[in-house]
Structures are given as structure tokens and as C-alpha cells.
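# Fold and contact review
So you can see what is in the structure, the chains are spelled out below.
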Amino acid sequence: MDILIKIIQVILALSLLVLVHELGHFCFAKMFGIRVEKFYLFFDWGFSIFKWKPKNSETEYGLGWLPLGGYCKISGMIDESMDSDSLKRDPQPWEFRSKPAWKRLLVLAGGVIFNFLLAIIIYIILLLGRGETYIKNSDASIYTSELAYEMGFRNGDRIIEFDDYRPDDFGSLSADLLHEQARTATVLRDGDTVEIHLGDDYIPKMLEQKQPIFGIAIPFTVAQTAEGSINEGVLLPGDSLVAINGEKMTYLQDAKKYLAGYKDTTVTMSVVREGQQVEVEARVDTAGMVQVMTQLPKITTRDYNFFSAIPAGFRLAFSTIGDYIKELGLIFNPQTEAYKEVGSVISIGSIFPEKWDWLRFWNISALLSIMLGVMNLLPIPGLDGGHILFTLYEMITRHKPSDRFLMGAQAIGMLILLMIIVLAFWNDLRNFVF
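Because the structure is a prediction, the values reported are computed rather than measured.

### Quick look at the sheet that holds strand 12 (residues 266–273)
- Strands sit in the order 11-10-12-13 across an open sheet of 4 strands; the sheet is antiparallel. Across the chains shown, the open sheet's two edge strands, defined by having one partner strand only, are strand 11 (247–248) and strand 13 (276–283).
- Summarising the sheet, strand 10 (residues 240–244) and strand 12 pair through 4 bridges and their orientation is antiparallel. Paired with S240 across the two strands is V272, which belongs to strand 12.
- Relative to strand 10, helix 6 (residues 252–259) is tilted by about 40 degrees, and along the sheet it contacts strand 10, strand 11 and strand 12.

Written out as C-alpha cells, the structure reads:
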């Protein structure tokens, strides 16, 4: 049942994004009087599941059988259909190739524009309804993974900057480090500023690990002792842990690991209470817990009204676009080995929750919409970016590439895209099976 929910979410999200993308091409084509022959969700190579052509309409709408996207077939345009028959006739006024370059450019960019607009709208609605909640980097310290420790970070470090970039959201620290491909990290450690030289191989290791390398260091400071706790009256609100059985430790994570080895016993806990260090005999239950609530990290919350949510939605969308462009930079840098993490629809499915969660669904959909938009801007023939590149060349040089050249470029582009798809499926097979 959990897998079925994931599959439904993937199909629903990708179908929405493809429809919006093709709708962008469709709307700009109609705006400029260009005939749209077909508007399809999924590909109908050979046959279609459903098709409908309204009376007096020039467009056939349909549902294909191959769920690998969709398409909008525009008259007089060389696209993935590789249909060259119409190009043998003289250009007609309603055809794509008959329109000025600037109009063709907007038709080509329409899908990307609509994908970005969809992400912006989703973000505005989410911010308006739920606000924004996060932990400021300046309010928290890190708890390291093995890799982070190997790189030179230590528990309790407060990260100041990666090279010249100052992170704000603590939850994005690992992603920020990857995006910046930083050579150094500056941290505050024990009241002193320390510069960490990160080396040359940390990015492949971080990508292989697939988990954030920074957790949040939670000081073991008692918030309250529940009534009936085995340590009621022993550990008091405000007590800050210094050591257990003489072993120095201050963080909740360390205490939990240590106490797991002392189940159903008594330990000596050194705590700071009202400025004085005292020792108390604390009981540990059979689960390795001392039955107290510790203080939570400081949470920053931003609420938005209609007028403030709009610019915030734009900022979040463009920030996400920038981050994804940086991720593509990692992929195209062989030294990072990020190409090994390029995934197919299987990887996309893995990021959706196993239980239906509308908030996560729309957040993921907004991210995927941005990813689809940015990917389509890559200057590869067969993608919108390749068509845009040739159109810009025409606008600058006043020389239009020949139809024969465009057909050849389209064929090469389709081959490149096929190779990328094979790589993505191979990576998923390697990651999920082997």
C-alpha cells in the first residue's frame, strides 16, 4: 500500500508538471496565432489511450500510453516527433517557422516560464498558509557524522562561513557546502575562530553517503522533569550536564549513547545548577533513559500575509533555481562524481513520503517543477534550451539555421537525452538493487 501511494504521488506530480510545461508552449503559440496540432499528456507513439478534437478546433487533445512526459506539436516546428513532411511545403502564415524570431523565442521558453510560475504560486500559497519555520545557523552548533569529523569538524562547532558564503538555514548546511564546493570552512570553536581546509575528495564522499553530514548539537539541559519520573527531584529544570560517571559530555546525543550501556542502573551525573557544579545520583530505566525533557533548539518562525507572501515566494523560487543550477554544476564536474547520483523516475519516487502528506507533496512538486524548468534550459538539441540557443543565434547573426541542420541537431540531441536516461536508470539500478 505504501508503494502504491508513492506511485500515485509520482504520477500525479509529474503529470501536473508536464501539463503545465506544455500549456506554456500552447498558450504562447495561441497568443501569436500559431497552429497547435496536438496537445498530449504522455507519448502516443503508435496509438493513444484517448484522443479528442473539438468541433472547429485545429488541436487534437489526448492521453498517450508511454508515461515519459508529454508534448505539444506545433505546426512548422522541428521537435521530438521528427516530422519533416510539413517542412517540404512553403511556410504558411499560421506556422511556427513563419513568425519573427522573438515570438518563436517566447513560444520555446513558454514551458520553462510556466514551470517557474507554478513553483512560485505553490510557494506563495504554502508560505501564506503555513509560514516558514527553520533553525537559524547563528543559533545552533553542529553535531558531526564520521565524515564531518574526518573533514575536520568537531561537535559544538558553530559554522560561520563556507569560503565567502554565510549560511542562514541550519537545516541546509550540508547542501550549502555541496553547492558552494567550498575549499575552506570557518567555524567558531571554544570561543576561537578556526579555519578548516576541506581537501579535494569530500564531495564524492558526501554524495555517496546520501545523508546530511551535520546534525544539530543539542545541549543536555533539563527543561522539565515529568511528574512520576524516576528522577523527579533529582534532576531539576535548568540543570546542564557536564559529565556522567566522570566522563565529560554535554550533548544529548552523547548522553543517549552512553546511557544505553547503563540500563536499569544508577549513574553519577555532574550538572551545573544555579552556577555551581553538583553531582547527583540519577537512575536509568530499562530503555536507557533518565526520564527528563531537555530544552529544544531555538526555532525561528516567519508568518506572511498576502502582500508579504508574494515577494517571499519569488525569493524562495529563485533561490531554489540557483541551488539547482549549482547542483547541475556538480554533475558536469567529473571530479565530484556527482554524475553517479543522476536518477530516473525511481529516484524521484523515493523522495515522496509513504503516507499521503499534502504539504510535502506540494513542496516536492514545486521543487520538481523548478528542476524540470532548469533541465529544459540546458543547451541540448531536443530540449527547449537547444531550440532557444539556435533562435538566439539567429537573432544575433540575422542568419537562420537551415531545416536540415536543425533536423540533424535534433537527432543528436535525442541521442544525448537517451544516453542520459540510460545513465539515470543504471544509477538507480546500482543504488537500489546492488
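### Some words on the sheet that holds strand 5 (residues 158–162)
- The sheet built from 3 strands is open, its strands ordered 5-6-7 with antiparallel pairing. Because the sheet does not close on itself, it has two edges, and the strands there are strand 5 and strand 7 (192–197). Strand-to-strand twist of the sheet, defined as the mean angle between neighbouring strand axes without regard to direction, takes the value 25 degrees.
- Note: strand 6 (residues 184–189) against strand 7, 6 bridges, orientation antiparallel. Within strand 7, the residue paired with V187 across the bridge is V194.

### Observations concerning the pairing of strand 13
- Looking at chain direction, strand 12 and strand 13 are connected through 8 bridges and run antiparallel. When the sheet's bridge partners are listed, T266 is paired in strand 13 with R283.

### A look at helix 6
- Within helix 6, burial applies to L252, Q253, A255, Y258 and L259.
- Where helix 6 is buried, its residues touch strand 4 (142–144), strand 8 (214–216), strand 10, strand 11, strand 12 and strand 14 (293–294).

### Digging into the UniProt feature "transmembrane region" (unreviewed entry) in the protein
- Within the UniProt annotation, "transmembrane region" (unreviewed entry) is assigned to residues 105–128, 361–380 and 405–426.
- Between the C-alpha atoms that bound residues 361–380 there is a distance of 30 Å. The span itself is 80% helix and 0% strand.
- With 100% helix and 0% strand, residues 405–426 has its two end C-alpha atoms placed 32 Å apart.

### A word on the packing of helix 2 (residues 101–130) against helix 9 (residues 358–376)
- One way to put it is that helix 2 packs onto helix 9 with a least axis distance of 8 Å and a crossing angle of 155 degrees. The angle between the axes of helix 2 and helix 9 places the two elements in the roughly antiparallel class. For the pair helix 2 and helix 9, the sense of crossing is left-handed. On helix 9, the residues that touch V112, N115, F116, L118, A119, I122, Y123, L126 and R130 of helix 2 are L359, W362, N363, S365, A366, L367, S369, I370, L372, G373, V374 and N376.
- Among the residues making up the contact of helix 2 with helix 9, the classes are represented as 14 nonpolar, 6 polar and 1 charged.

### With respect to the pattern of salt bridges
- Applying the stated criterion across every chain yields a total of 12 salt bridges.
- Residues K136 and D168 are paired through a salt bridge, measuring 3.0 Å at the closest nitrogen-oxygen approach. In this pair, K136 is assigned in the loop between strand 3 (132–134) and strand 4 and D168 in the loop between strand 5 and helix 4 (173–180), connecting sequence segments 32 residues apart.
- For K136, a relative accessible area of 23% puts it in the partly exposed group.
- Residue classification places D168 among the partly exposed residues on the basis of a relative accessible area of 35%.
- Its salt-bridge partner being D157, residue R189 comes within 2.8 Å of it at the nearest N-O pair. With R189 in strand 6 and D157 in the loop between helix 3 (146–151) and strand 5, this pair connects stretches of sequence that are 32 residues apart.
- Taken together, the salt bridges that share partners define one network made up of K30, R35 and E58.

Parameters and conventions
Residues numbered from 1 in each chain as written. Predicted model: local features only at pLDDT ≥ 70, side-chain atom pairs only at ≥ 80, totals over all residues. Heavy atoms only, no water. Pairing = 2+ DSSP bridges. Helix = DSSP H or I, 4+ residues; strand = E, 2+ residues; numbered from the N terminus. Contact = heavy atoms within 4.5 Å. Axes fitted to C-alpha atoms, helices over the stretch in contact; angles between N-to-C directions. Buried < 20%, exposed > 50% of the residue type's maximum accessible area, 1.4 Å probe, protein only. UniProt positions renumbered as here; feature names shortened; annotations may be inferred. Parallel < 35°, antiparallel > 145°, perpendicular 65-115°, else oblique. Left-handed = near helix turned anticlockwise from the far one by under 90°. Nonpolar A, V, L, I, M, F, W, Y, C, P; charged D, E, K, R; others polar. Salt bridge = Lys/Arg side-chain N within 4 Å of Asp/Glu carboxyl O.

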